[in-house]
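Listed here are the chains, written in short residue letters.
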Amino acid sequence: MLLPRLQQIVGAAHVLTASDATAPYLTDWRRRFTGMAQAVVLPAATSEVAAVVQLCAEHGTPVVPQGGNTGMVGGATPDPSGQAIVLSLRRMDRVREVDAGNQTITVEAGCVLRSVQDAARDAGLLFPLSLAAEGSATIGGNLSTNAGGTQVLRYGNSRDLTLGLELVLASGEIWNGLRGLRKDNTGYDLRNLFIGAEGTLGVITAACLKTYPLPRAQVTALFALDSVRAALDLLSLAQSSAGATLTAFEFFSDTCLRLVTRHFPDRRSPFSESHAQYVLMQLSDHEDEQHATGLLQAIAERALERQLIADAAIAQSAAQGHALWALRELISEAQARAGKNIKHDISVPISSIARFIDETDEQLARLFAGIEMVTFGHLGDGNLHYNVNAPPQLSEQQFLSMQPAVYQCVHDQVVRFAGSISAEHGIGQLKREENARYKSAVELGLMRAIKRTLDPLNIMNPGKVI
Ligand code: FAD
Ligand code: MLT
Ligand code: ZN
């Protein structure tokens, strides 16, 4: 019998079966997927995770690892069969070590991202991974989805920020690979197999992460522009002027801004008129506030001279900076409040972004009358959140039934522009069929061979990714 044995391992209080207790774990953040589970199990230590997984392997019980449940592709939601257990890592939230000399921080998988940023800052270090869900997303989920966020432009994504992993394999064995080495060439890159695997190869229980020196000053500005092309020209101006000091370059359309100010009335645009596009730019400087502000002002002046921008609002305080960031970070939440949407998390070569948007907007408008495009994203990474809001005349049901056709149109365009159908959110269950449509037989074969080898019983998050 599985349940009594699970209770023996983690304690009866940490094996949830009552529907009101398990409900928050069984529906994803976008409310697109709801599953069932025998139980939600909350281990407190790696040894308990290992014992739980080993027990599930003996029973052939699927294990769905879960962190903050903020994933966008249904990767942490079990299927409706009720066979699986959800393994929540939330209780494993200790910061195990901060090594300022090695510029590393070692944390457990259930640590919420913001708590890791805070622990690093308390030690005078920067852990740069940053995304709008950082108040609930966990390190385990970040690594498992190879999360990107707003600082990838300067520091890379989760994979780039990870030096070592501790994890539990599908057999229940523990792999302690928590080395904090920047160079370690001793065979296959095992660590990076599990980063981005979305819980389908093993359970991440801890990670050794890179940190950086804290910048002495961070300055933020919001620029108003008339076209995507101008935003791309502003990006190259900022990169050539600021170099590594440029740490964020987020782009969003006026539709996005209006969604945020409509659903969050306390938030408002710093500009008296509306403009077609906006860019939120952040510089992180190791000199001082004056140098950083001077650099940002020089970029704004050069951009005005070249008529790239129509207006600029440079934050004069940290509070003003946070207010500008909120206009960008609340877009997802605002779009969710506006109703169901069809999301794309795509990447194309930066040089193709303007053409991709023009051509694909035009195709979608022709095929799906009345839709509203909600386009924003991490422009410096070539990563667009190219989302579609429902036409007013359609019911949610009718709109969501359009998803396969909308996906086909957008993803065919992405492939035509040599892009990717998932830049940072992963595949989960949402894009499994789409991924199979575009991945070559060789790539799918390689991924299946790895899955069969590492999870021969197919108990690790089955039905996700491949
Ligand atoms: P969960 O949703 O709990 O799980 C995600 C996946 O990881 C699942 O497949 C799950 O099985 C697996 N998993 C979780 N923990 C473990 C573990 N310990 N071991 C093995 N597998 C595990 N994502 C971005 O990349 N960039 C963004 O800018 C961004 N912005 C967002 C903004 C909002 C408002 C929201 C709601 C989400 C955003 N996301 C973004 C998506 C989401 O926050 C990320 O995918 C995040 O990394 C998920 O972390 P989580 O702990 O919530 O994972
Ligand atoms: C973001 O950049 O805000 C996210 O990836 C979330 C989204 O696509 O909604
Ligand atoms: Zn994003």
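Counting starts from 1 at the beginning of each chain's written sequence and moves along it residue by residue. Lettering for chains starts from A, numbering for ligands starts from 1, and both go in the order in which the items are written. Confidence filtering applies because this is a predicted model: local features only for residues at pLDDT of at least 70, side-chain atom pairs given and counted only at 80 or more, and all residues used for totals across whole chains, interfaces and linings. With hydrogens and water set aside, each side-chain value is computed from the structure's full complement of heavy atoms.

### Here's the deal with the overall build of the protein
Okay, so step 1: Looking only at helices and strands, the protein has 17 helices and 19 strands in total.
Okay, so step 2: C-alpha atoms define the radius of gyration in this analysis, and the globule rule sets the expected value at 2.2 Å times the number of residues to the power 0.38. In terms of C-alpha radius of gyration, the protein reaches 23 Å, essentially the compact-globule figure of 23 Å for 466 residues.
Okay, so step 3: C-alpha extents for the protein along the principal axes are approximately 70 × 55 × 45 Å.
Okay, so step 4: Classification of the 466 residues of the protein by burial places 55% in the buried group.
Okay, so step 5: Partitioning the intrachain contacts of the protein with sequence separation of at least 6 by distance along the chain shows that 74% fall at a separation of at least 24. Here a helix means four or more residues in a row that DSSP labels H or I, a strand means two or more in a row labelled E, and each is numbered from the N terminus. Type-normalised accessible area, obtained with a 1.4 Å probe on protein chains alone, sets the label of each residue: buried when under 20%, exposed when over 50%, and partly exposed for intermediate values. Contacts are assigned to residue pairs that have any heavy atoms within 4.5 Å of one another.

### Focus on the site of ligand 2
Okay, so step 1: Neighbouring residues of ligand 2: M72, R328, S332, K343, F376, H378, H385, E424 and H425.
Okay, so step 2: Interatomic distance of 2.7 Å between a side-chain N/O atom of S332 and an oxygen atom of ligand 2.
Okay, so step 3: When ligand 2 sits alone it has 270 Å² of accessible area, and the protein chains cover 89% of it. One heavy atom within 4 Å of a molecule or strand makes the whole residue count as near it. Counted as a polar contact is a pair of N or O atoms within 3.5 Å, where, for protein atoms, one must be capable of donating a hydrogen and the other of accepting one, and residues adjacent in sequence contribute only when both atoms are in side chains. To measure how exposed things are, a 1.4 Å probe is used in the Shrake-Rupley method; for residues, cover is taken only from the protein chains shown.

### What about the nonpolar core?
Generally speaking, nonpolar side chains in soluble globular proteins are found buried as a group.
Okay, so step 1: One finds F223, L234, M281, F356 and L364 to be the most contacted residues of the largest nonpolar core, which totals 56 residues.
Okay, so step 2: Listing elements by their share of this core, those giving two or more residues are β12 (217-225), α8 (228-242), β13 (246-253), β14 (277-285), α10 (289-305), α13 (353-367), β19 (383-389) and α15 (403-416).
Okay, so step 3: Here this core takes 9 residues from α8, the largest share from any one element.
Okay, so step 4: When near neighbours in sequence (up to four residues on either side) are disregarded, F356 contacts I346, V348, D361, L384, Y386, V410, Q413, V414 and F417. By convention a nonpolar core is built from buried Ala, Val, Leu, Ile, Met, Phe, Trp, Tyr and Cys residues, the set being connected through side-chain atoms within 4.5 Å.

### Quick word on the site of ligand 1
Okay, so step 1: Ligand 1 sits among 36 residues. The nearest are P65, G67, T70, G71 and T138.
Okay, so step 2: The contact in question runs from an oxygen atom of ligand 1 to an N or O atom on the backbone of N69, over 2.8 Å.
Okay, so step 3: The side chain of S144 places a nitrogen or oxygen atom 2.8 Å from a nitrogen atom of ligand 1.
Okay, so step 4: When contributions to the shell around ligand 1 are tallied by element, the ones reaching two or more residues are β3 (63-66), α5 (139-144) and β10 (202-210).
Okay, so step 5: The element best represented in the shell around ligand 1 is α5, accounting for 4 residues.

### Some details on the packing of α8 against α10
Okay, so step 1: In contact at an axis separation of 10 Å, α8 and α10 are set at 140° when each is read in the N-to-C sense. Of the possible angle classes, the one that applies to α8 and α10 is oblique. Judged by the sense of rotation from one axis to the other, the crossing of α8 with α10 is right-handed. On the side of α8, the interface is formed by L234, L237, A238, S241 and A242, while α10 contributes L295, I299, R302 and A303.
Okay, so step 2: Ten residues, namely Ala, Val, Leu, Ile, Met, Phe, Trp, Tyr, Cys and Pro, are considered nonpolar, four, namely Asp, Glu, Lys and Arg, are considered charged, and the remaining ones, Gly among them, are considered polar. Of the residues that constitute the contact of α8 with α10, the class distribution is 7 nonpolar, 1 polar and 1 charged. The axes are straight lines fitted to the C-alpha atoms, using for helices just the contacting stretch, and the angles between their N-to-C directions are given from 0 to 180°. Angle categories: roughly parallel below 35 degrees, roughly antiparallel above 145, roughly perpendicular from 65 to 115, and oblique for all the rest. Take the far helix as the reference: if the near one is turned anticlockwise from it by less than a right angle, the crossing is left-handed, and if turned clockwise, right-handed.

### Re the environment of G74
Okay, so step 1: Looking at the element boundaries, G74 is found in the loop between β3 and β4 (85-88).
Okay, so step 2: If near-sequence neighbours (up to four positions away) are discounted, G74 is found in contact with F33, Q429 and K464.

### Digging into the environment of L259
Okay, so step 1: Following the sequence through the fold, L259 ends up in helix α9 (residues 254-263).
Okay, so step 2: L259 sits in the buried class, given a relative accessible area of 1%.
Okay, so step 3: The spatial distance from the C-alpha of L259 to the C-alpha of G370 is 17 Å, given a sequence separation of 111 residues.
Okay, so step 4: Apart from residues lying up to four places away in sequence, L259 is in contact with A334, Q335, A338, V374 and N389.

### Concerning the pattern of salt bridges
Okay, so step 1: By definition, a salt bridge exists where a carboxyl oxygen of Asp or Glu is found within 4 Å of a side-chain nitrogen of Lys or Arg. Applying the stated rule across the entire model yields 17 salt bridges.
Okay, so step 2: In this structure, E362 and R366 form a salt bridge, with 3.3 Å as the shortest nitrogen-oxygen distance. Highlighted residues: E362 and R366, both in helix α13, separated by 4 residues, approximately one helical turn.
Okay, so step 3: R366 gets classed as exposed once you look at its relative accessible area, which sits at 57%.
Okay, so step 4: Via salt bridges that share partners, R94, R96, E108 and E166 belong to a single interconnected network.

### Considering the pairing of strand β18 (residues 372-378)
Okay, so step 1: The buried fraction of β18 amounts to 6 of the 7 residues, a majority that puts the element mostly inside the structure.
Okay, so step 2: Strand pairing is assigned whenever DSSP identifies at least 2 bridges connecting the two strands. Bridge count between β13 and β18: 3 bridges; the pairing is antiparallel. Directly across from F252, in β18, lies its bridge partner F376.
Okay, so step 3: Between the antiparallel neighbours β18 and β19 lie 4 residues, among them G382 with a positive phi of about 70°.

### Things to note about unusual backbone geometry
Okay, so step 1: Look at R31: it is not a glycine, yet its phi comes out positive at around 60°.
Okay, so step 2: The topology assignment puts R31 in the loop between α2 (19-26) and β2 (39-41).
Okay, so step 3: R31 gets classed as exposed once you look at its relative accessible area, which sits at 58%.
Okay, so step 4: The backbone of A418 sits at a positive phi, close to 55°, despite the residue not being glycine.
Okay, so step 5: Among the structural elements, A418 can be located in the loop between α15 and α16 (432-438).
Okay, so step 6: Take A418: its relative accessible area is 63%, and that puts it in the exposed class.

### Things to note about the sheet that holds strand β1 (residues 15-16)
Okay, so step 1: The mixed open sheet is built from 4 strands, whose spatial order is β1-β2-β4-β3. If you trace the sheet from one side to the other, it starts and ends with β1 and β3, each paired once.
Okay, so step 2: On the sheet, helix α3 (residues 46-59) packs against β2, β3 and β4 and is oriented at approximately 165° with respect to β4.

### Focus: the environment of T104
Okay, so step 1: Within the element layout of this structure, T104 appears in strand β6 (residues 104-108).
Okay, so step 2: In this structure, the C-alpha to C-alpha distance between T104 and K210, residues 106 residues apart in sequence, is 4.7 Å.
Okay, so step 3: Here T104 is in contact with E97, V98, D99, L163, G180, R182, C208, L209 and T211, once residues within four sequence places are set aside.

### Structural notes on the state of the cysteines
Okay, so step 1: Two cysteine sulfurs form a disulfide in these notes if their separation is within 2.5 Å. According to the stated counting rule, one finds 0 disulfides in the structure shown.
Okay, so step 2: Note on C256: no disulfide assigned, nearest cysteine sulfur contributed by C409 at a separation of 19 Å.
Okay, so step 3: For C256, a relative accessible area of 0% gives the class buried.

So, to be careful, I would describe these as geometric facts and stop short of saying anything about function.
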